[in-house]
There are 4 protein chains.
Amino acid sequence: MYNRFDLDKLKEECGVIGIYAPNAKNTSQLAYFGLHALQHRGQESAGIAINKGGQVHYYKEMGLVQEVFSDEIIERLQGDIAIGHVRYSTTGESYVTNAQPLVVHHKGGALALAHNGNLVNANTIREELEDEGVIFQTSIDSEVIATMIARQHKEGIENAIKNTMKQIRGSYALVITCGEKLIGVRDPNGLRPLCIGKMDGGYVLSSESCAFNVIGAEFIRDVEPGEMVIIENHEIKSIQYSVGEKKALCSFEFVYFARPDSVLDGQSVYVSRRNAGKILAKEHPIEADLVIAVPDSGTVAAIGYAQQSNIPFGEGLIKNRYVGRTFIQPDQKMRERSVRLKLNVLKENVAGKRIVMVDDSIVRGTTSRQIVDLLKGAGATEVHVRVCSPPVRYSCYFGIDTPTRKNLVGAVNSVEEIREMIGADSLGYLSIEGLIASTSMEECSLCSACFSGDYPMEVPKQGSKYLFEKR
Amino acid sequence: MYNRFDLDKLKEECGVIGIYAPNAKNTSQLAYFGLHALQHRGQESAGIAINKGGQVHYYKEMGLVQEVFSDEIIERLQGDIAIGHVRYSTTGESYVTNAQPLVVHHKGGALALAHNGNLVNANTIREELEDEGVIFQTSIDSEVIATMIARQHKEGIENAIKNTMKQIRGSYALVITCGEKLIGVRDPNGLRPLCIGKMDGGYVLSSESCAFNVIGAEFIRDVEPGEMVIIENHEIKSIQYSVGEKKALCSFEFVYFARPDSVLDGQSVYVSRRNAGKILAKEHPIEADLVIAVPDSGTVAAIGYAQQSNIPFGEGLIKNRYVGRTFIQPDQKMRERSVRLKLNVLKENVAGKRIVMVDDSIVRGTTSRQIVDLLKGAGATEVHVRVCSPPVRYSCYFGIDTPTRKNLVGAVNSVEEIREMIGADSLGYLSIEGLIASTSMEECSLCSACFSGDYPMEVPKQGSKYLFEKR
Amino acid sequence: MYNRFDLDKLKEECGVIGIYAPNAKNTSQLAYFGLHALQHRGQESAGIAINKGGQVHYYKEMGLVQEVFSDEIIERLQGDIAIGHVRYSTTGESYVTNAQPLVVHHKGGALALAHNGNLVNANTIREELEDEGVIFQTSIDSEVIATMIARQHKEGIENAIKNTMKQIRGSYALVITCGEKLIGVRDPNGLRPLCIGKMDGGYVLSSESCAFNVIGAEFIRDVEPGEMVIIENHEIKSIQYSVGEKKALCSFEFVYFARPDSVLDGQSVYVSRRNAGKILAKEHPIEADLVIAVPDSGTVAAIGYAQQSNIPFGEGLIKNRYVGRTFIQPDQKMRERSVRLKLNVLKENVAGKRIVMVDDSIVRGTTSRQIVDLLKGAGATEVHVRVCSPPVRYSCYFGIDTPTRKNLVGAVNSVEEIREMIGADSLGYLSIEGLIASTSMEECSLCSACFSGDYPMEVPKQGSKYLFEKR
Amino acid sequence: MYNRFDLDKLKEECGVIGIYAPNAKNTSQLAYFGLHALQHRGQESAGIAINKGGQVHYYKEMGLVQEVFSDEIIERLQGDIAIGHVRYSTTGESYVTNAQPLVVHHKGGALALAHNGNLVNANTIREELEDEGVIFQTSIDSEVIATMIARQHKEGIENAIKNTMKQIRGSYALVITCGEKLIGVRDPNGLRPLCIGKMDGGYVLSSESCAFNVIGAEFIRDVEPGEMVIIENHEIKSIQYSVGEKKALCSFEFVYFARPDSVLDGQSVYVSRRNAGKILAKEHPIEADLVIAVPDSGTVAAIGYAQQSNIPFGEGLIKNRYVGRTFIQPDQKMRERSVRLKLNVLKENVAGKRIVMVDDSIVRGTTSRQIVDLLKGAGATEVHVRVCSPPVRYSCYFGIDTPTRKNLVGAVNSVEEIREMIGADSLGYLSIEGLIASTSMEECSLCSACFSGDYPMEVPKQGSKYLFEKR
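All values reported here derive from a predicted model rather than from experimental measurement. (Residues numbered from 1 in each chain as written. Chains lettered and ligands numbered in written order. Predicted model: local features only at pLDDT ≥ 70, side-chain atom pairs only at ≥ 80, totals over all residues.)

## Considerations on the overall build of chain A
Counting its regular elements, chain A contains 18 helices and 23 strands. Here the C-alpha radius of gyration of chain A, 23 Å, is about what a compact globule of 471 residues would show, namely 23 Å. Based on the C-alpha atoms only, the size of chain A along its principal axes is roughly 70 × 50 × 45 Å. Among the 471 residues that make up chain A, the fraction classed as buried is 60%. Taking all contacts inside chain A whose residues are at least 6 apart in sequence as the whole, residues at least 24 apart take part in 72%. (Helix = DSSP H or I, 4+ residues; strand = E, 2+ residues; numbered from the N terminus. Rg over C-alpha atoms; globule rule 2.2 N^0.38 Å. Buried ≥ 20, exposed ≤ 12 C-beta atoms within 10 Å, placed from the backbone. Contact = placed C-beta atoms within 7 Å.)

## Observations concerning the arrangement of the chains
At the C-alpha level, the nearest point of chain A lies 13 Å from chain C, with no contact between them. Contact between chain B and chain D is absent, and the least distance between their C-alpha atoms amounts to 14 Å.

## Re the relation of the copies chain C and chain B
Superposing chain C onto chain B requires a rotation of 180° together with a translation of 0.1 Å along the rotation axis, leaving an RMSD of 0.1 Å. Within this description, the copies of the chain are treated as partners about a two-fold rotation axis. Scanning chain C for the C-alpha nearest the rotation axis identifies C:R321, at a separation of 4.1 Å. When the interface residues of chain C are mapped onto chain B, 100% of them are again interface residues, pointing to one common binding face. (Least-squares fit on C-alpha atoms with pLDDT ≥ 70 in both.)

## Let's talk about the UniProt feature "active site" (unreviewed entry) in chain A
In the UniProt entry, the feature "active site" (unreviewed entry) is given for A:C14. Not counting the four nearest positions on each side in its chain, A:C14 is found in contact with A:R41, A:G42, A:H85, A:V86, A:R87, A:Y88 and A:N116. (UniProt positions renumbered as here; feature names shortened; annotations may be inferred.)

## Quick word on the sheet that holds strand β3 (residues 55-62) of chain C
Strand pairing in a sheet is mediated by backbone hydrogen bonds. Such pairs are either parallel or antiparallel. All names here are of chain C. If you walk across this open sheet you meet the 7 strands as β3-β2-β4-β1-β10-β9-β11, and the pairing is antiparallel. Looking along the sheet, the strands with just one partner apiece sit at the ends: β3 and β11 (218-222). Between one strand axis and the next, the sheet turns by 15° as a mean value, whatever way the strands run. Strands β1 (14-20), β2 (45-52), β4 (81-87) and β10 (202-206) of the sheet are contacted by helix α1 (residues 27-37), whose axis makes an angle of about 25° with β4. (Pairing = 2+ DSSP bridges. Axes fitted to C-alpha atoms, helices over the stretch in contact; angles between N-to-C directions.)

## Some remarks on the interface of chain C and chain B
Chain C puts 49 residues into the contact, and the matching count from chain B is 49 residues. Put simply, the parts of the chain that give the side of chain C that touches chain B at least two residues each are α1, α2 (65-68), α3 (71-76), α7 (210-214), α9 (269-283), α10 (299-309), α12 (339-342) and α13 (347-350) of chain C. No other element matches the 5 residues that α1(C) contributes to the side of chain C that touches chain B.

## Describing the environment of A:Q267
All names here are of chain A. The residue Q267 is located in strand β16 (residues 267-268) in this model. Taking the C-alpha atoms as reference, Q267 lies 18 Å from L38; in sequence the two are 229 residues apart. Apart from residues no more than four positions distant in its own chain, Q267 is found in contact with S272, T439, S440 and M441.

## Remarks on the domain arrangement of chain A
All names here are of chain A. Taken domain by domain, chain A holds domain 1 (2-245) and domain 2 (271-323 + 338-440). The C-alpha centroid of domain 2 is placed 34 Å from the C-alpha centroid of domain 1. Between domain 1 and domain 2, the residue contacts involve 18 residues of the former and 16 residues of the latter. For the side of domain 1 that touches domain 2, the secondary-structure elements that each account for two or more residues are β6 (109-119) and β7 (170-178). Of the residues that constitute the side of domain 1 that touches domain 2, the class distribution is 5 nonpolar, 5 polar and 8 charged. (Domains from an automatic or database assignment. Nonpolar A, V, L, I, M, F, W, Y, C, P; charged D, E, K, R; others polar.)

## What about the relation of the copies chain A and chain D?
With an RMSD of 0.1 Å, the fit of chain A onto chain D corresponds to turning through 180° and sliding 0.0 Å along the axis. The share of interface residues of chain A whose copies in chain D are also at the interface is 100%, consistent with both copies meeting through the same surface.

## Quick word on the nonpolar core
Counting residues in each nonpolar core, the largest one holds 167 residues, and the members touching the most others are A:I17, A:A112 and B:I17. By size, the runner-up hydrophobic cluster in this structure holds 164 residues, among which are C:L194, D:I161, D:I176 and D:L205. (Core = buried A, V, L, I, M, F, W, Y, C linked by C-beta atoms within 7 Å.)

## Observations concerning the confidence of the model for chain A
Residues and elements named next belong to chain A. For chain A, per-residue confidence averages 90 on the pLDDT scale, and residues scoring 70 or more make up 93% of the total. Scored below 50 in pLDDT, residues 1-6 shows 15 contacts in the model against residues more than four places distant or in partner chains. For the stretch residues 463-471, pLDDT sits under 50, and the model shows 10 contacts to residues farther than four places along the chain or on other chains. The complex prediction reports pTM at 0.91, with the ipTM value standing at 0.90. (pLDDT = per-residue confidence, 0-100.)

## Overview of the UniProt feature "binding site: [4Fe-4S] cluster" (unreviewed entry) in chain A
All names here are of chain A. Mapped onto the present numbering, the UniProt feature "binding site: [4Fe-4S] cluster" (unreviewed entry) falls at C250, C396, C447 and C450. For the annotated residues, spread through 201 residues, the largest C-alpha to C-alpha distance comes to 10.2 Å, consistent with a single compact locus. Relative to the assigned elements, C250 resides in strand β14 (residues 249-250). Judged by C-beta crowding, with 28 C-beta atoms within 10 Å, C250 ranks as buried.

## Topic: the packing of helix α4 (residues 122-131) of chain C against helix α5 (residues 141-150) of chain C
Residues and elements named next belong to chain C. Between α4 and α5, whose axes approach to 10 Å, the crossing angle comes to 50°. As judged from the angle between their axes, α4 and α5 are oblique. As for the relative orientation of α4 and α5, their crossing is left-handed in sense. Taking contact as the criterion, the partners of A122, I125, R126 and L129 in α4 are, on α5, D141, V144 and T147. A per-class count over the contact of α4 with α5 returns 4 nonpolar, 1 polar and 2 charged. (Parallel < 35°, antiparallel > 145°, perpendicular 65-115°, else oblique. Left-handed = near helix turned anticlockwise from the far one by under 90°.)

## Some details on the pairing of strand β8 (residues 181-186) of chain C
Residues and elements named next belong to chain C. Counting buried positions along β8 yields 5 of 6 residues, so the element is predominantly enclosed. Note: strand β7 (residues 170-178) against β8, 6 bridges, orientation antiparallel. If you follow C178 over to β8, its bridge partner there is K181. Where β7 folds back onto β8 in an antiparallel hairpin, the turn is made up of 2 residues, including G179, whose phi is positive at roughly 60°.

## What to know about the interface of chain A and chain D
Between chain A and chain D, the contact holds 49 residues from the first and 49 residues from the second. Counting residues per element, the ones that place at least two in the side of chain A that touches chain D are α1 (27-37), α2 (65-68), α3 (71-76), α7 (210-214), α9 (269-283), α10 (299-309), α12 (339-342) and α13 (347-350) of chain A. Classifying every residue of the side of chain A that touches chain D gives 24 nonpolar, 16 polar and 9 charged.

Structure follows, in structure tokens:
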């Protein structure tokens, strides 16, 4: 998949978008371009559902937004309200069944739903519903949510959603369309981001604000944790269905997931990353000649590190921009140097120099060793690895695909052990406090459970054996 | 679509197959070849679901069996029990959502279901279920049936199915797999065919017996109307859940749908068609020089007509065998002679002769005129059209796609008017009695509602305006 | 490939079409539909080149006519003169390089050429040209021909072609467009067919007359052996560049290749085949109850056999119409009964009967055994195989893909040996004289070299070891 | 196309690679990964030809390297010597005919050839050859070259190539395989780059050295202008077929085409670009708060500009990494802000600041205006545009696709006019001298004809009207 662009990273689950544009003739086109701006949040499948007077049509398929949709398909998707979804890349069987948006018919008519996040009590609810004779056709939480909404249809769509939200636990940013409404919901902890934009003649809901510019919308505000917004008759109505929960926006959004040109809960991702680099330079200073980034995700922090440390910033690694999904299978020899398919070292820049190499995170640690080797092979005299996040040590239950413990290098090794494994001359991780400080948010406003094990809500109990396995 | 092979015909809805072959390594391959033999029953989509120890995997897609499945996909579908489905061709939007088998998870585990037929009370049930908060993701009856089964899961799968069958009305041949069972069900009137075959180490359920030979199975017997058969532990168990209903196998199966090498409820389709041709010759004799068929569906009856009338049988029309789905759009002129893309006249054989042209049925009548013109243009001195079924005059509610009345030439015109429209020198339709006699079945054993309006059960009430419209 | 419809047959190399339609807006569409009518002559690749005021554009690709062309492509191919080509199916590597028409630029401008046939001195000429520094990009004879024309460009296109024709030997039906001309050429022996049609505002050249009806053209005459026709300024000019050669139209065109609704050199293919069946009945009479055909290619002859013998004609084998290119790989067991994927026996019709089974030809003999087994397995008491052509015993050098000797059952076995191999109760082949008589042509008007070894021209000398191998 | 990644740039024609690896089992795989590293030089088509004992097989198709080749295709391409080619993106008709390598058969056997560059006397030679009866099947210079080689085959392949090189004029980096040889040739001026690498058991020829690392090769040296290298029997032989020509490596290779991690004729592209940024800062200093790049091509120079000027470097524009080939057609409104599909502004970083925006070149100027607008719209108080190359004012005849004059903003406008058009507060171009100085090469070692009109050889005469149009 295209996010093989980035090696050894945690994978986001999804991105969502909602377009409310009655009278517009290009609602689905706006959704298309908005989804395209959210493509980094998921490259497995893409889908758009369009609502025209309560009738919903949709198209979803495996692939990137640009691969899934053609002029002809977008042309056919005519309507007033659109919701869209991108999903992250898995391998193996074709999971088009699990692509979103999910479109169902219930007593209240057609209903389309797109979900970013993960429920921790979905299985419990699913089993209860099956007891009552409900069938499920997918394994996605969206189907559980849609069923729960449908079962409360007599209270009207808004109450049905509100009540459902009170029953589910976990992370979710939801966009829903039904009847003449576009609805957005964010979980009580605000684990997943969702924000509101305004455009000529309409509104947009989006996982990230970076989608607004391309469709000509302006950022208004974030959806609040525990808030449901209903857009109808060209107005936004807000229902705060949950209050008092600890705010806990996923800190990995700032570390890696979100695009640097997005603003999440009032905080610029770019500024946070630069701050993180600066704090990292204070926490782990070193004498060196050049600060380089592991492109592209380490670049912003590397610039911050350079500014703080007064060591010049430069490029040491060049990325091949044409890394797509359909590589041939390299033979053994080639595989051993697979990082070279994506990265090449700039000998002229690193030879004879002491290098600070800034990366955003280390998950398995497999490619770090290869990159350090590349740099040393090109003549770097020292390689000091600086990581803009703390060691990843705990499983995420809120929608992030964490590897099992034996593959999670930070869970089973000390920093010194990792340093040795990757062959660095020194290794420094950003502290949890540093990460939080970089976002200018209060500590309680971020979820840092994957670093600390301190989950913002009760998570499924598992024997110690399975502590780090998700499935 | 491929059944553009045949012009101006009623369209069958589906074909189903079920394979019970524990220990076999090629269960899905058997399903594949079986489905391929049923391809004439539906060319829109194809699907196979495979059950391995209660776990069900599936693959379904738009297209012919050969287009949908590859070696790789078949290889991946490993298991003991398979069910398969082919669906007939529609145009417009992609309806892969409606492809079958439908695979769901309910309290009793995974359940896969394939359905040929149409329920007359599906909408009523669907509305009742929606009242109770059920969501639907497709518009196929199978989803209604699966939901009803799931809601009775506490009684066990067999009772759940049995009870469900008592609640639904209409036509259905169902194959279902769940747990370790392969289950077949046929509606109380036996409107749709379903039969049982035995093979080395297993059993087969199939819409038609023509699928048996290719997979090395032998015909045992038909599933009886109102019967459910459960295949498990290498044994067949039978439950007669409904008795006393009038048997009413669809007469169009004999006229056009079924393959001539199938045997339905004990009656060879080939022999029925030849009989029909013979009876037609008695009912509408004519002096002529040559009996020809409109290929391929009129061929058997034409041979029968020739035998009875002692007029020589020969070919007058040659069919282009390469008629597929992806034709370019012909311009106006070309469209007017569209029949020529598929049929060419054999001038040498028809010039100067009085021709009896045997067709299996006339639905819209649009191509009959073109064919008569072709023959006359090639020098036929007379063209006597003989049709091996009565005029189609009423809508089918049991799974056959009937055109609206204004397009149903037999509903709004007398035989003489039709004769004039199509430019024939004489026109003779087989009588309803003749059709029934041709099958050697008792009158009450066939549904001939599309000819007579005499439905085997109550059908949805509609204002006269909509009498002939299905949707 | 689609002509897996037909088992164990010799394969034709190609079909060609030329459309001269200045002022028409649908020239390429006419070529498309014409090619579609010639699809039986080749299913590997299809191509159309269009000439607009001397500029030639083209499109060619692997696949059937309908698969290769889309509305968009046909729309883009605007012009006054079109030539088209279909090529027969081979396996293995992608040979799009060898697809036709071949379009080249030479001193006289763009030149497009489509060829049906095979030159026997192509390799000799190719070597001579390479000696002089010519490069070749394909392995098709068309490139040799185009080069030879180009090297004589100073004499004008007509003379250049005429002179080239005098240098090449073998079989060819050529259509060429260059400048404002559409040119057709047929080899001096007339081994491959080519005929001329007239339509509103233009002319058509086609391998077979069956393509005329669909595009609204009328047959005028055949191109004569050794004749070049030049269509320009709405007129046809004829140049007889060779006279006195023995006419030798390929007899397999009548046996199997051509469509029955074509007329070749004045002789109806349908009538020839029926005659062949009648003569076969005289040459090899038998007492039997039913005459059946191996569909579809044996049908016409079977009708003739039945008429002559007064044994009733009926159907005993049903063909699956949905046999396409992309079958999955059947396992060993399935492969042994591969004929069942295509043919099913009509038990009702053959059980207890003495059957005459008429086939058009036997090449390898591999499927004949399977079919006889099928019939006996269904209860036929006797199976008498009658073949409407003599045993194929010699290699063809004129464009037909003949198997190597060890696979050519007629070359290495006596008729009695073959009878035993295929398990027939009796076996009768049509005699060479009978085949010739069936076409009402003089003996010298047909090439029957594959039966007799009597080639109409000198063919490449090969050691006895390679007598039957082509390559 | 993928290089829509980069807006308003000149387009490179091609990249070539040659692999000499007898005994290796993965020759074609090495070519694949090498081509992938050269993907930036052409995204229209890709091809690999493989030579096994003098037999050449090949595969080429429209698309990126990863799209064109599959495991299966690479597996099939077994041999000792491979050559590969990537070609740049054009629109409209399918030009697979023009894809390379070109593989031909001539008297000396199979010969494959891949070419980067453009001949200025190709048309003249082509016409002379056509006079002598040669046909051409493509419009690429490679076919002219191959024909000329073939016509001199009697002198042996090396002499034939040498003599051909003396007859052709223009730019070329050629890789050729024939017999047991891999041959590389570079034109007498060295307009296009070509270098030699060594790997375990073999050699590599490549347009750029950046391809070496991924396949485990080490840079040895550049092929010299006017040099032919012949690799055979594991040895490299050199023939200097032309001496004394002025060296004139294309300066745009340093400006934009080449990857920064390549070294061309001894000069690091990265270092040149950084130098160019520094010199630009000296030539066009300005007071400002932040230096940003137009990503990705302006980044290196921007870093240099920042270093020299002591203004901080930062990111102001974020690029969407998922820009592929198959975008839907945006409507009018969307088109006007098309740059937003690819670039988003970092408001936090630019608001309230005086910005230096560094771009590598301006060709049409169309997107510069949009980007300046973006920055001002985000609150930049001043935008000073700095361009790391001189104004493009003259047509290139050596393989670069230059727009017509009316679209070449530097050819028809003064710098001040351009500044006004793009809405910048100031605009500074790098001088020709500055560009040359940045590469540390002597002036006479670079071709800067597109800036100066001073061509390194005579170019086709054209009336003034067509001075800037290439075709």
